[in-house]
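# Descriptive analysis of the structure
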Amino acid sequence: MSMVWTLAVCALAVLASFPLTRTLGRHAGWPLAAIYLVAAAVFWPVASRVMAGETVAWSTPWVPDLGLELSLRADGIGVVFTAIALLIGAVVLSYSTAYLSPGRNLTFYLYLVGFTFAMVGLVLADDLILLFLCWELTSLASFLLIARSGYSGEAASMRTLLITFIGGLTLLAAVGIMVAATGTTGLQEALAHPVWAQRPGLTTGVAVLVLLSAFTKSAQFPFHVWLPDAMAAATPVSAYLHAAAVVKAGIFLLMRFSPLFHDVPVWNATLVTVGLLTCALGGFFALQKTDLKKLMAYSTVSQLGLIVAAIGVGTEYALAAAVLHTIAHALFKSGLFMMVGVIDHSTGTRDVRRLPELRRAMPLAFWTTVLGAASMAGIPPMLGFVSKEKIFTALLEAPGPAWTGWAALVGGALASVLTFAYSAKIVFHGFVDGRGQDRWPEDAPLHATPPALGIFAALPILAGLPLALVVGVLDTPVDRAVSAALPHVEPETHLALWHGVNAELVATLLIIAVGLVVIARRRTVMPALEKETFRLDGAGVIATLVAPVARAGMQLALLVRADNPTRHVSPVLVALALVLGGGSAGLLLTGSLAEQHPDLDRWTDVVALVVIVLGVAGTTISQSRLAATVSLSAVGVGITVQIFSLGGPDVGLTQLLVEALTILMIMLVLQKLPLRFGRSPRLGQKAAMGLALATGLAFGLGAFALTGRRERSEIADYYLTEGPEITHGYNVVNTILVEFRALDTLGELTVLGMAGAAMVAILSTVRDRYLDPPRETDRSWVPDPDIALRPRGSAADRAIHQAWGNAVPMQLLVRLTAPLLVIISVILFWRGHNAPGGGFIAALLGSAVVALVYLSSARDQAVGPARLPMVLIGGGVALAILTGLWGTVAKGSFLAPISGYVGDLYLTSALLFDLGVYAAVLGLVMEAFNLLGAAGGRERTRERADESVEGELAGPMDTTRGETPEELAERELADREKALAATRAAGAPDGPDPKGRGRVGRRTTYLTHGVPPRNLGDRSEP
Amino acid sequence: MIIPVSIAVLVTGGVYLLLQRSMVRIIFGLALLSHAANLTLMLAGVSAWRGEPLPDRVDTAAAADPLPHAFVLTAIVIAFAVTVLMLALAVIGHNDDTKRMPPTGEERAT
């Protein structure tokens, strides 16, 4: 159980990072490190049981339908890797408190802590699916950590993502095959399944997939590219990534799958050869680097190669060596990385060609680095020596003919010469030689190293020294890890510094001897190597591979990627005309259609047709916007006539009211647009006409061929005869809307609400000066007519130049009609169930009141309180949904109407639903009038859009993409601070504390100050 | 036979306007097209029955199919909402040309 608590504590750290970074800034690392230690302490009982030889397991159902379980299991491997992740993590977090620049650093802590969570989940997972998920999480976390370092990390993080996700895909394939072949998602059961012994081909395939995944994560050749790239990240990130997390995940995966694959020849051969090759290549590249951090990155590549080779050998001894070297590497590499951070901090550079002689200036750092480098180079008495010796012994055991072992040992030894050389380079070039001494003038002192920086960098390195002397304490953990990786053996590891004289010791001595020669001749050897001998680097290779794909994608996107709507619409229209027109014509010509009903037409249809034809002609031909709008309204009237003639009073009323409101809104918009349409069409005028005629013909043919050829439908009879009995309402259309098909109506309502919200959202992404450009830049602006009939102040002058006089008749009309309209609206709403009316029609009539009030005002002003429209929309949708839920609770079906008599009155919950409809429609219309109508009076469009969310403001907000007022105020205050700092830096005297400085929060926003946001940064204000 | 002609006229005008540069004309085109779609839906109820679907006043045998009516009513209101939204888009920057976007201060170098 306590394993879960460990994970829970890690998850808690993720959540805690938000408030901690907010209150403590970069010092959030301290409590987070403490949380890590708590997690480790919680893990302690599990670890001690594992050390006693047990395995601890825990599981709970996850997705019962799929038989998935969330299962965790702690064995030796899990314990070792959990300990590394948590303890190194705690050290890195403590180090970060001094390393990071002051500030919140939320993303750093959040991603790093999330990373640890994923890593602990990965190593404790006992379920293949869970394993895969955690694996991908670590990939994502490393991507985010690299990407957060800004522009320099962008390309690097993308390469990391690409490579680690390739590994994710291979692991997914492997997991999929394993689950399919064994029929279980349990990790241990799958590994122990007999199918692997029966089908060696399958086993080999999965082994290759798994090792590819591990290679991408552990940066083995040729996937090593991303790791040096990851240097773009902050140093603590690198330290953690390299020592404890991502790259160790690959090693972990190999060990986890060792029980299954350790005797698969492909596994052995590939891991040993690729591992040693990577070890040598990494060492060589490391020697070439002058940037200490890059050098360190390649050294990780090289060290991991050695571990991979040891795992590849697959014997008990080899795995013990691999586990031990993993521990040793975690210690010295995290420490060395942080030491590079220390050097960087005090000198401002990591390039060995620029560093002064640091040995005397920073003796403690120097000696710590010497110890770390000695461990890496494998010099006694460091832990790295013990583990490297062990790996050499292990390489001798490489499976295959006798010579393979010796070949592996020689290969490992040669690679280790390189390791020795670059370790020496760190120490000598970093601290002793001072190649950049002459660039350092005497009066440029080093930055003092904060204690936390030095202490926590040294801690892991120094831990390696006593551990080596009492290396026996690691016997048990290593044993347990080995027995987890090789379940059938009973390992008995005896770690010691001194093993007597054997081949490995000879190898080590030879390495040291050669290394000393290199050190002696370093002044000529090292700079010679630093020339870029390798033109082809990984980033280039990836770019070469990706570029053609990206180009092909661009080409493909060109087909559909136009702002131009014609490009999107015309192919659809052509296809529609062909299919519909051709199909209908075919049906008519072949005579396969039923006879048309004889009684389809009425004379009223002709009236409607004439009006429609005239209206459409006017709309399409007119170049004047006003004339086109009036013609469009004529079409609407024609349609209304047609609908009434078809026997739809509800539909006809809706159409009429919607038409009126639409035309009003178009009029509002037209006052901000040019008087006439532009001339040039998108498609050639003739092509547009041709396409229009073809599509029109196709639609006409389709309507003629496919309708009116059957009797009235059965569903119509059902609604007409049964509807009134079921619903107690005689207006069948209304009962369909609010009862039979209320879900449709709810959907429609949501569309209405979304349209209102979307208008506000879109308009508040454009700044005021672009939304309503000032007159100088507004090409649509038409100056007031200058008619000098009578002098100023005369009635004629007022009639032309002032609005209020013209609004008086309208205001009188509103006084009379508004109450009447409200009453009619209520009646229509109430009677909707039995007679033409209902929520929609009543709401549209109510909206007409809004429209009248808006239009009758002499000044341009919003109708109603600023936030009312959004409240109406939200409330309406909410009311409709709640009514639906009431139905669910009371009748077991969403939106089922609940009805009954209250006295003589028959009431139904459908009425409440209709009320929701009413509110939402009214809200949308109010919002639309307020937003579209704002015509440069006191308030402009942007201010209205902001106010409909924020309430009354003194002016438009100067933000884009939904910044909240709090964020805006914070940003502006930060800008002001920056400006202030700049003036101070320029030598201006420190004035009194400016108003409003200090902590920024809800209380300092303009909402309480009553200061418009755009003026907040203006300090000249009193 | 007559209503299909109306539909053809509406679609012709609608498609023509849809292919123009001005956003407002495109909105007008969509309005005409939605009229055409609504009439087509109404025709699905067979125009031989034209009585109002109010069973307490009109003989059920002569009443029109109420289901297309409900659909069209919904469609009209949705078309209204879409038109309003598109009008809001058309008026940004006081310029409704779909070929030359008005400046919004957010142009990125591409």
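About the thresholds
- Residues numbered from 1 in each chain as written.
- Chains lettered and ligands numbered in written order.
- Predicted model: local features only at pLDDT ≥ 70, side-chain atom pairs only at ≥ 80, totals over all residues.
- Heavy atoms only, no water.
- Helix = DSSP H or I, 4+ residues; strand = E, 2+ residues; numbered from the N terminus.
- Rg over C-alpha atoms; globule rule 2.2 N^0.38 Å.
- Buried < 20%, exposed > 50% of the residue type's maximum accessible area, 1.4 Å probe, protein only.
- Contact = heavy atoms within 4.5 Å.
- Buried area = accessible area lost by both parts, 1.4 Å probe.
- Salt bridge = Lys/Arg side-chain N within 4 Å of Asp/Glu carboxyl O.
- Polar contact = N/O pair within 3.5 Å; in protein donor to acceptor, adjacent residues only side chain to side chain.
- Phe/Tyr/Trp six-rings, centres within 6.5 Å; stacked < 30°, edge-to-face > 60°.
- Core = buried A, V, L, I, M, F, W, Y, C linked by side-chain atoms within 4.5 Å.
- Domains from an automatic or database assignment.
- pLDDT = per-residue confidence, 0-100.
- Pairing = 2+ DSSP bridges.
- Patch = residues over 30% accessible without salt bridge, like charges linked within 9 Å, V, L, I, M, F, W, Y side chains within 5 Å.
- Areas by Shrake-Rupley, 256 points an atom, 1.4 Å probe, with all protein chains shown as cover.
- Disulfide = S-S within 2.5 Å.
- Axes fitted to C-alpha atoms, helices over the stretch in contact; angles between N-to-C directions.
- Parallel < 35°, antiparallel > 145°, perpendicular 65-115°, else oblique.
- Nonpolar A, V, L, I, M, F, W, Y, C, P; charged D, E, K, R; others polar.

### Quick look at the overall build of chain A
Each helix and strand counted, chain A has 40 helices and four strands in total. Relative to the globule expectation of 31 Å for 1022 residues, the C-alpha radius of gyration of chain A, 39 Å, shows a markedly less compact shape. For the C-alpha atoms alone, the extent of chain A along its principal axes is close to 115 × 80 × 65 Å. By residue count, 53% of the 1022 residues in chain A fall in the buried class. Taking contacts inside chain A between residues at least 6 apart in sequence as the whole, the part at least 24 apart equals 77%.

### Concerning the interface of chain B and chain A
Every contact between the two is made by 85 residues of chain B and, on the other side, 114 residues of chain A. For the pair chain B and chain A, the summed buried area comes to about 8,900 Å², and 73% of that belongs to carbon and sulfur atoms. Looking at the side of chain B facing chain A, the largest losses of area belong to Leu19(B), Arg50(B) and His94(B), adding up to 9% of the total buried there. Asp96(B) is the partner of Arg625(A) in a salt bridge, and the nearest nitrogen-oxygen pair spans 2.9 Å. Taken together, the links from chain B to chain A amount to 18 residue pairs in polar contact (both at pLDDT 80 or more). Counting residues per element, the ones that place at least two in the side of chain B that touches chain A are α1 (2-18), α2 (23-43) and α3 (66-90) of chain B. Considering each element in turn, the side of chain B that touches chain A owes the most residues, 20 residues, to α3(B).

### Topic: the packing of aromatic side chains
Residues and elements named next belong to chain A. Evaluated as defined, the whole model comprises 17 aromatic pairs over all chains. Centroid distance Phe81 to Phe252: 5.6 Å. Interplanar angle 75 degrees. Geometry classified as edge-to-face. A residue pair is termed long-range when its members are at least 10 positions apart, and Phe81 in helix α3 (residues 76-99) and Phe252 in helix α12 (residues 246-261) qualify at 171 residues. Taken as a pair, Phe81 and Phe252 share a single burial class, namely buried.

### Quick look at the side chain of Asp351(A)
For Asp351(A), the location among the structural elements is in the loop between α15 (316-347) and α16 (363-377). Assessed through its relative accessible area of 16%, Asp351(A) is described here as buried.

### Considering helix α20 (residues 475-485) of chain A
For an α-helix, 3.6 residues make a turn, and residues three or four places apart therefore share a direction. Residue and element names in this part refer to chain A. Within α20, eight of the 11 residues are buried, leaving the element largely enclosed by the surrounding structure. What α20 keeps buried is the set Asp475, Pro477, Val478, Asp479, Ala481, Val482, Ala484 and Ala485. Considering only its buried residues, α20 is in contact with α2 (29-51), α3, α12 and α15.

### Looking at the environment of Val123(A)
Residues and elements named next belong to chain A. Inspection of the secondary structure assignment puts Val123 in helix α4 (residues 106-124). Here Val123 falls in the buried class, since its relative accessible area comes to 0%. For the pair Val123 and Arg256, spaced 133 residues apart in the sequence, the C-alpha separation amounts to 8.6 Å.

### Observations regarding the nonpolar core
In globular proteins that are soluble, nonpolar side chains generally tend to be buried together. Residues and elements named next belong to chain A. Counting residues in hydrophobic clusters, the biggest one holds 205 residues, and the most contacted among them are Phe257 and Trp267. The leading source of residues in this core is α15, at 19 residues. Two domains each provide a minimum of three residues to this core, namely domain 1 (1-261) and domain 2 (262-442 + 455-531). By size, the runner-up hydrophobic cluster in this structure holds 116 residues, among which are Val669, Val849, Leu852 and Ala945.

### Some remarks on the confidence of the model for chain A
Residues and elements named next belong to chain A. Residue-level pLDDT values for chain A average 84, and 92% of them are 70 or greater. Here helix α40 (residues 1006-1009) is the element of chain A with the lowest mean pLDDT, 43, and helix α26 (residues 625-645) is the one with the highest, 95. Residue range residues 988-1022 is modelled with pLDDT below 50. Its contacts to residues more than four positions away, or to other chains, number 47 contacts.

### Considering the pairing of strand β3 (residues 899-902) of chain A
All names here are of chain A. Relative to strand β4 (residues 905-908), β3 runs antiparallel, the two sharing four bridges. Within β4, the residue paired with Ser899 across the bridge is Thr908. Hairpin geometry of β3 and β4 is characterised by an intervening segment of two residues between the two adjacent antiparallel strands and by a positive phi of about 65 degrees at Gly903.

### Some points on a nonpolar patch on the surface
Residue and element names in this part refer to chain A. On the surface, Leu162, Ile166, Val541, Leu545 and Val546 cluster together into a nonpolar patch covering about 390 Å² of accessible area. Broken down by secondary-structure element, the contributors of at least two residues to the nonpolar patch are α6 (151-182) and α23 (538-558). The element contributing the most residues to the nonpolar patch is α23, with three residues. By the secondary structure assignment, Val541 is in helix α23.

### Thoughts on the state of the cysteines
Residue and element names in this part refer to chain A. What the rule picks out here adds up to zero disulfides over all chains. Here Cys134 stays free of any disulfide, with the sulfur of Cys10 as its closest cysteine sulfur at 11 Å. Under the relative-accessibility criterion, Cys134 is labelled buried at 8%.

### Focus on the packing of helix α1 (residues 2-24) of chain A against α4(A)
Residue and element names in this part refer to chain A. Between α1 and α4, the shortest axis-to-axis distance is 9 Å and the interhelical angle comes to 170 degrees. In terms of orientation, α1 lies roughly antiparallel with respect to α4. Across the interface between the two elements, Met3, Leu7, Cys10, Ala11, Ala13, Val14, Ser17, Phe18 and Thr21 of α1 pack against Leu106, Tyr109, Leu110, Val113, Gly114, Phe117, Val120, Gly121 and Leu124 of α4. Split by residue class, the contact of α1 with α4 holds 14 nonpolar, four polar and no charged.

### A word on unusual backbone geometry
Trans peptide bonds make up most of the peptide bonds, and negative phi angles are found at most residues other than glycine. Residues and elements named next belong to chain A. The amide bond that connects Phe221 to the next residue, Pro222, takes the cis arrangement and shows omega of 0 degrees. Assignment of secondary structure puts Pro222 in the loop between α9 (200-217) and α10 (226-229). The phi angle at Ala219 is positive, at roughly 55 degrees, despite the residue not being glycine. Within the secondary structure layout, Ala219 lies in the loop between α9 and α10. With relative accessibility at 0%, the residue Ala219 sits in the buried group. At His728, a position not held by glycine, the phi torsion is positive, near 60 degrees.

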